[in-house]
Amino acid sequence: MAPVLILMTFLLPRGAGAEEINGGHEVKPHSRPFMAFIPFVNDDGKRHRCGGFLVKDNFVLTAAHCRGSSMRVILGAHNISIREETQQIIPVAKAIPHPDYNLKDDSSDIMLLKLERKAKRTRAVRPLRLPMSNFHVKPGDVCYVAGWGMLGPKGKLPDTLQAVELTVQRDQECLSRFTGRYNKATAICVGDPKIKRASFTGDSGGPLVCKNRAAGIVSLTYTDGSAPGTFTRVSSFLSWIKLMIKHS
Ligand SMILES: *[C@@H]1O[C@H](CO)[C@@H](O)[C@H](O)[C@H]1NC(C)=O
C-alpha cells in the first residue's frame, strides 16, 4: 500500500470490519472560525477540495499539493452544502506554493493563498495564530485536526465540519513508515497506530492545532487511513510565511 497525499482520499479500513475509522465528531458550528473550505479544479479537470486556515485577513495557509485552478476559499462555513449567512466566499488572487515543494518526497508541502480581498472578521471568521519559532510539539502531545474531509468507514464525506484529536508520535514512527518521505526538520508525525479509530479526518491542507496554534498542515497518509501520517511542520516555515505575506 503506497502512501498518498490525502487529497480527498476516501480512507477505508484495512480489512473488514471491527475497526472503523470513526474517531471524529461534528464540531459546534463556527467554533473553529479560522477554517477554510477550498474547492478547486485539478490538472485532470476534476473537482477536488482541500482544507486550509486563515492566518491573516487576506491569506490562507494550506498544503502545496492542493494547487489547482479556479481556487476559491469559503470562510465562516459549517455546512458546506448550504449557503450560510456566515459564509464569505473569496476567490484566490495568487497561489504561492513553497519553492522547495517536491512531488517525489512530498517535502515542504505548504502553500499560501492570497485572497482577492480581505475577509471580514466576524464571530464565524477569524485567523488562527501561527506558532512561535521556538514552538515545539513533542511525542504524546494531544492536538486536533479539523476538516470536511472526514471519512466514515464507507467513504462518506460529511457536509459539516468535523474534528478529531490526534497524538503526536516519535519521528521514528514515520521515518520507518514513510521511508525517504519523512524529514523530521520539516514534518511532524501524528496519530497513534494503536488507536485504530484515530485516523485522519481532515482534508489535506487543514490545520493540526496544538495549544491553539497552527502547529501542522495535513499532508501525507496511507490510503487505508491508518496512523500515523505526516504533517508539515509550520514552525519550520515561519520566515518564508512572513516574507511572502509581506511581499505578495
Ligand atoms: C447540511 O445541509 C443539507 C442541505 O440543506 C442538509 O440536507 C443536511 O442534512 C445538512 N447536514 C447536517 C449535518 O445538518
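The structure this text deals with has already been given above.
Residues numbered from 1 in each chain as written. Predicted model: local features only at pLDDT ≥ 70, side-chain atom pairs only at ≥ 80, totals over all residues. Heavy atoms only, no water.

## Observations concerning the packing of aromatic side chains
One pass over the structure, following the stated rule, counts 1 aromatic pair. Seen in terms of ring centroids, Phe-37 and Trp-148 are 5.4 Å apart; in terms of plane orientation they differ by 75°. Their pairing is edge-to-face. On the criterion of sequence distance, the pair formed by Phe-37 in strand β3 (residues 35-41) and Trp-148 in the loop between β9 (142-147) and β10 (162-167) is long-range, its members being 111 residues apart. Overall, the relative accessible area of 7% leaves Phe-37 in the buried class. Trp-148 gets classed as buried once you look at its relative accessible area, which sits at 1%. Positioned above the aromatic ring of Tyr-144, the side-chain terminus of Arg-32 is 4.6 Å from the ring centre. (Phe/Tyr/Trp six-rings, centres within 6.5 Å; stacked < 30°, edge-to-face > 60°. Helix = DSSP H or I, 4+ residues; strand = E, 2+ residues; numbered from the N terminus. Buried < 20%, exposed > 50% of the residue type's maximum accessible area, 1.4 Å probe, protein only. Lys NZ or Arg CZ within 6 Å of the ring centre and 35° of its normal.)

## Looking at unusual backbone geometry
The phi dihedral of Ser-70 is positive, around 50°, even though this residue is not glycine. The topology assignment puts Ser-70 in the loop between β5 (59-62) and β6 (72-75). Even without being a glycine, Asn-212 presents a positive backbone phi close to 60°. With respect to the secondary-structure elements, Asn-212 resides in the loop between β12 (207-210) and β13 (213-222).

The analysis is restricted to geometry; functional conclusions fall outside its scope.
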